[in-house]
Amino acid sequence: MGKLPPSLRSANFAVNTLIKNPSSVPHPPPTSKPHYYPKKSHSPKKRQPTSNTEPQLPSIVAFDSTTLSDAKTLFNSLISNTRNNIPSDNKFYNAILQSFSTNSTLQDSIFFLNHMIKIHPPFSPDRFTYHVLLIQSCKSVDLSLTPVHQVLNLMTSNGFPPNKFSTDIAVRTLCSLSREEQAIELVKELSSKDSPPDTYTYNFIVRHLCKNRPLSTMNNFIKEMREGFDIKPDLVTYTIMIDNVCNSKNLREATQLLGVLSEEGYKPDSYVYNTIMKGYCMLSQGGEVLGVYKKMQEEGVKPDLVTYNTLVYGLSQSGRVKDAKQFLNVMMEEGHIPDAVTYTSLMNGMCREGDPLGVVALLEKMEARGCAPNSCTYNTLLHGLCKARLLDKGMELYDVMKQNCMKLETGSYGTFLRALCRNGRVAEAYEVFDYAIESKSLTDVAAYTTLESTLKWHKKAIEQGLVV
């Protein structure tokens, strides 16, 4: 029960009296969707007059054949039959070229573009036209950058030298195909020709390398761009790096980056500090978040809701529930309204300390303050009640969860089954198993495996005289 899901769904029902009187729980309203469709008008629509001799322009041109000759024939037919009805902008022609390029070779696409210009002189390719070819060149089976260079040279010779948008398109396409090395090589080439990437492309590469390559690759890229082209990391770049090292549980590196960030003249914001707090929580060092919070105050960075939620979670996780409760009051004094994550984190810590009845009281306060509990809140409380051997209270809570179609989590499900079997209520344990399957709380295998191991434990406990 230590981990919290990244997003929590709120349940739309009252809670403060449910445990005391589960029979009063109303069934949820039907989930049928309301009809928001406009009423149909029975008046006949006026049709625009059309000429029998004026062909209609097809909205999509699909090439059944990938051969260049067939594409030329189709384009010739299209132009001759719809000459008086062709759009004046380039979107139509670019769409035709893109459709053909999907299954053709790059060379055929270039030949086809030249044919389009020759057959229909009013069509003048723009930068977007050449970007169609650029994307195709990045997807070429040739793993070198030769096709990309061919298109970039074509663009330049026709008055469209590559700009930051061209760089971004090429980089994102190459990275989507796991060709990060070629993307970096291209960026360095274009940077040497006075076409460096903008901050969006630069940070995209850094983020992509963090996720898909060793940390050394990202560090080398940053170093080469700094030393070779005077392109330096910005606040976003450092935030990406700090998040990456925190996810890899390297808090020492994160602290060093925080120092570098200040040396470079950037002031860390709440997001950076929240990321470091999250890293300490991932290492089960929740008590360290208080030091990060004090550092924020010293630097004049104002905490946000995520800061306080991380504080409450980290302190509760490390057994400092008393401090966590104090921050619940502090955040409200600062104008931040505790949400389901805040309360559930605190409840988790209280359950760890063996205070499930205190959690019930907090649940009532939670609802009184207008915050609706969710399935994670209920699973946390169910786990705590069963651990404290308050099975009757647990059954009441379980009934509430069933009536509101809430799913059981793995931890609370296993603890609940063991509590029922420990008290000789095996039939009810089977019913909980059925509900776990029906509600798709767990996979069939996981639900059955847990039930099977619980029943084996129960049989052994009976033989040893530990349970009746």
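Just so you know, the residues in each chain are numbered from 1, in the order the chain's sequence is written. Only residues with pLDDT of at least 70 are given local features in this predicted model, and only at 80 or more are side-chain atom pairs given and counted; all residues enter the totals for whole chains, interfaces and linings. The side-chain quantities take in all heavy atoms of the structure and omit both hydrogens and water.

1. Here's the deal with the packing of aromatic side chains
The geometry of an aromatic ring pair is captured by two quantities: the separation of the ring centres and the angle between the planes.
Then step 1. Working definition: rings of Phe, Tyr and Trp (its six-membered ring) pair if their centres are within 6.5 Å, and the pair is stacked with planes under 30 degrees apart, edge-to-face with planes over 60 apart, and tilted otherwise. Summed over the entire model, instances satisfying the criterion amount to 12 aromatic pairs.
Then step 2. Measuring from ring centre to ring centre gives 6.4 Å for Phe-433 and Tyr-448, while their planes differ by 65°; the resulting arrangement is edge-to-face. Highlighted residues: Phe-433 in helix 21 (residues 426–438) and Tyr-448 in helix 22 (residues 444–463), separated in sequence by 15 residues.
Then step 3. For the exposure calls, accessible area comes from a 1.4 Å probe over protein chains only, and a residue counts as buried if that area is under 20% of its type's maximum, exposed if over 50%, partly exposed in between. Phe-433 sits in the buried class, given a relative accessible area of 14%.
Then step 4. Site record: aromatic cluster; members linked through ring pairs are Phe-75, Phe-100 and Phe-112.
Then step 5. Criterion for a charge above a ring: Arg CZ or Lys NZ at most 6 Å from the ring centre, at most 35 degrees from the ring normal. The side chain of Arg-172 reaches across the aromatic face of Phe-204, ending 4.3 Å from its centre. Helix and strand definitions follow DSSP, with helices as H or I runs of at least four residues and strands as E runs of at least two, each counted in order from the N terminus.

2. Considering helix 13 (residues 289–299)
Then step 1. By the burial criterion, the buried members of helix 13 are Val-289, Leu-290, Val-292, Tyr-293 and Met-296. The buried residues of helix 13 all sit within an arc of 160° when viewed along its axis, so they share a single face.
Then step 2. Buried residues in helix 13 make contact with helix 12 (270–282), helix 14 (305–317) and helix 15 (321–333).
Then step 3. Remark: Gly-300 follows helix 13 within two positions and exhibits a positive phi of approximately 75°. This arc is taken over the directions from the axis of the helix to the C-beta atoms. Contacts are residue-level and defined by heavy atoms, with any inter-residue pair within 4.5 Å sufficient.

3. A look at helix 2 (residues 91–101)
Then step 1. Restricting attention to buried positions, one finds in helix 2 the residues Phe-92, Tyr-93, Asn-94, Ile-96, Leu-97, Phe-100 and Ser-101.
Then step 2. Buried positions along helix 2 lie against helix 1 (68–81), helix 3 (106–119) and helix 4 (127–138).

4. Observations regarding the confidence of the model for the protein chain
Then step 1. Per residue, pLDDT captures the predictor's confidence, and it can take any value from 0 to 100. Here the protein chain shows a mean pLDDT of 84. Residues at 70 or above account for 85%.
Then step 2. Taken as a whole, residues 1–58 scores under 50 in pLDDT and shows 72 contacts with residues more than four places along the chain or in a different chain.

5. Some points on the packing of helix 7 (residues 180–192) against helix 8 (residues 199–212)
Then step 1. Axis separation between helix 7 and helix 8 bottoms out at 11 Å; the angle between their running directions is 155°. Taken together, the axis directions place helix 7 and helix 8 in an arrangement best described as roughly antiparallel. When the axes of helix 7 and helix 8 are compared, the crossing they make is left-handed. Seen from helix 7, the contacting residues are Glu-180, Ile-184 and Val-187; seen from helix 8, they are Ile-205, His-208, Leu-209 and Asn-212. In this analysis, axes come from line fits to C-alpha atoms, helices being fitted only over the stretch in contact, and the angle between any two N-to-C directions falls in the range 0 to 180 degrees. With respect to orientation, any angle under 35 degrees is reported as roughly parallel, any angle over 145 as roughly antiparallel, any angle of 65 to 115 as roughly perpendicular, and every other angle as oblique. In a left-handed crossing the near helix is turned counterclockwise from the far helix by less than a right angle, and in a right-handed crossing that turn is clockwise.

6. A look at the nonpolar core
Then step 1. We define a nonpolar core as any set of buried Ala, Val, Leu, Ile, Met, Phe, Trp, Tyr and Cys residues linked to one another through side-chain atoms lying within 4.5 Å. Phe-112, Val-206, Phe-221, Leu-408, Tyr-413 and Phe-416 are the most contacted members of the largest nonpolar core, which totals 120 residues.
Then step 2. When sequence neighbours within four positions are dropped, the list of residues in contact with Phe-112 reads Phe-63, Leu-68, Ala-71, Lys-72, Phe-75, Ile-96, Leu-97 and Phe-100.

7. Quick word on the side chain of Arg-127
Then step 1. Tracing the backbone through its elements, the reader meets Arg-127 in helix 4.
Then step 2. Here the positive residues are Lys and Arg and the negative ones are Asp and Glu; neither His nor the chain ends is included. Salt bridges are identified by distance alone: a Lys or Arg side-chain nitrogen within 4 Å of an Asp or Glu carboxyl oxygen. Of the side chains with opposite charge, Asp-126 lies nearest to the buried Arg-127, which makes no salt bridge, at 8.4 Å.
Then step 3. Not counting the four nearest positions on each side in its chain, Arg-127 is found in contact with Met-155, Phe-160, Pro-161, Pro-162, Asn-163 and Ser-166.

8. Concerning the packing of helix 20 (residues 410–422) against helix 21
Then step 1. Contact geometry for helix 20 and helix 21: axes closest at 8 Å, N-to-C directions at 160°. Compared by their axis directions, helix 20 and helix 21 come out roughly antiparallel. Judged by the sense of rotation from one axis to the other, the crossing of helix 20 with helix 21 is right-handed. Side by side, helix 20 and helix 21 meet where Tyr-413, Phe-416, Leu-417, Leu-420 and Cys-421 of the first sit next to Val-426, Glu-428, Ala-429, Val-432, Phe-433 and Ala-436 of the second.
Then step 2. In this count, Pro and Cys sit with the nonpolar residues alongside Ala, Val, Leu, Ile, Met, Phe, Trp and Tyr, while Asp, Glu, Lys and Arg are called charged and the others, Gly among them, polar. Here the contact of helix 20 with helix 21 is composed, by residue class, of 10 nonpolar, no polar and one charged.

9. Concerning the UniProt feature "repeat: PPR" (unreviewed entry) in the protein chain
Then step 1. Those residues carrying the UniProt feature "repeat: PPR" (unreviewed entry) are residues 234–268, 269–303, 304–338, 339–373, 374–408 and 409–443 in this numbering.
Then step 2. Within the segment residues 409–443, helix and strand shares are 74% and 0% respectively, and the terminal C-alpha atoms sit 11 Å apart. UniProt positions are given in the numbering used here, feature names are shortened, and annotations may be inferred rather than shown by experiment.

10. What to know about the pattern of salt bridges
Then step 1. Enumeration according to the criterion identifies 11 salt bridges in this entry.
Then step 2. In this structure, the salt-bridge partner of Lys-295 is Glu-299, at a minimum N-O distance of 3.5 Å. One end of the pair, Lys-295, and the other, Glu-299, are both in helix 13, four residues apart, so they sit about a helical turn from each other.
Then step 3. Judged by its relative accessible area of 35%, Lys-295 is partly exposed.
Then step 4. Given a relative accessible area of 34%, Glu-299 falls into the partly exposed group.

11. With respect to the environment of Thr-255
Then step 1. Among the structural elements, Thr-255 can be located in helix 11 (residues 251–263).
Then step 2. Judged by its relative accessible area of 45%, Thr-255 falls in the partly exposed class.
Then step 3. Along the backbone, Thr-255 and Ile-242 are 13 residues apart, and their C-alpha atoms lie at a distance of 8.4 Å.

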